[in-house]
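# Observations on chain architecture
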Amino acid sequence: MSDEKTRSQEIRRHAHRLAAEGLGAALNMWELDRYYPDQADQDRLERELLQIIARLRKQGGAA
């Protein structure tokens, strides 16, 4: 594998890890009830965001 391709993959993995960290921090700080008064909507959004975070972590190499 070329050095350029390896570097590109490292950058992509790092970007996925940063995105997962950012979403996780936002989810912890976000007042879901402020924007989604219905508890079912809050729960659904939280589950979806957690799934996205998990996929990003996996793609970033942090399982």
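Residues numbered from 1 in each chain as written. Predicted model: local features only at pLDDT ≥ 70, side-chain atom pairs only at ≥ 80, totals over all residues. Heavy atoms only, no water.

### Describing the overall build of the protein
The test is simple: Helix and strand definitions follow DSSP, with helices as H or I runs of at least four residues and strands as E runs of at least two, each counted in order from the N terminus. Each radius of gyration is computed over the set of C-alpha atoms, and the globule rule expresses the reference value as 2.2 Å times the number of residues to the power 0.38. Three labels apply to residues, based on accessible area from a 1.4 Å probe with only protein chains included: buried if under 20% of the type maximum, exposed if over 50%, partly exposed otherwise in between. In this description, contact between two residues means that some pair of their heavy atoms is separated by no more than 4.5 Å. Note on areas: Shrake-Rupley with a 1.4 Å probe; residue coverage comes only from the protein chains shown. In this charge count, Lys and Arg are treated as positive and Asp and Glu as negative; neither His nor the chain ends contribute. Charged groups are reduced to one reference atom each: NZ for lysine, CZ for arginine, CG for aspartic acid, CD for glutamic acid.
Per the secondary structure count, the protein includes 3 helices and 0 strands. Its helices and strands in sequence order give the protein the pattern α-α-α, from N to C terminus. Its C-alpha atoms give the protein a radius of gyration of 15 Å, clearly above 11 Å, the size a compact globule of 63 residues would have. Projected onto its principal axes, the C-alpha positions of the protein cover 50 × 15 × 15 Å. Expressed as a percentage of the 63 residues in the protein, the buried residues total 17%. When contacts within the protein are restricted to residue pairs at least 6 apart in sequence, long-range pairs at least 24 apart make up 56% of them. As displayed, the protein offers around 5,100 Å² of accessible surface, 51% of which is attributable to carbon and sulfur atoms. Counting 11 positive and 11 negative side-chain charges, the protein places the averaged centre of each group 8 Å from the other.

### Observations regarding the nonpolar core
The cut-off we apply is this: Among buried residues, those of type Ala, Val, Leu, Ile, Met, Phe, Trp, Tyr and Cys that are joined through side-chain atoms within 4.5 Å constitute a nonpolar core.
Counting residues in each nonpolar core, the largest one holds 7 residues, listed as A20, L27, L32, L45, L49, I53 and L56. Listing elements by their share of this core, those giving two or more residues are α1 (3-29) and α3 (39-59). Top element by residues in this core is α3. It accounts for 4 residues. When residues no more than four places from it in sequence are discounted, the contact partners of L27 are L32, E46, L49, L50 and I53.

### Topic: α1
For clarity, the cut-off: The span expected for a helix works out to 1.5 Å for each residue beyond the first.
Between the first and last C-alpha of α1 there are 39 Å, a value that for 27 residues agrees with the 39 Å anticipated at 1.5 Å per step. What α1 keeps buried is the set H16, A20, G24 and L27. Where α1 is buried, its residues touch α2 (32-35) and α3.

### Quick look at the pattern of salt bridges
Here is the rule: Between Lys or Arg on one side and Asp or Glu on the other, a salt bridge is scored when a side-chain nitrogen of the former is within 4 Å of a carboxyl oxygen of the latter.
Scanning the model with the defined rule gives 2 salt bridges in all. The salt bridge involving E10 is made with R7; its shortest N-O contact spans 3.7 Å. Of this pair, E10 and R7 both sit in helix α1, 3 residues apart, which is roughly one turn of the helix. Between D41 and R44 there is a salt bridge whose closest N-O contact spans 2.2 Å. Of the two residues, D41 and R44 both sit in helix α3, 3 residues apart, roughly one turn of that helix.

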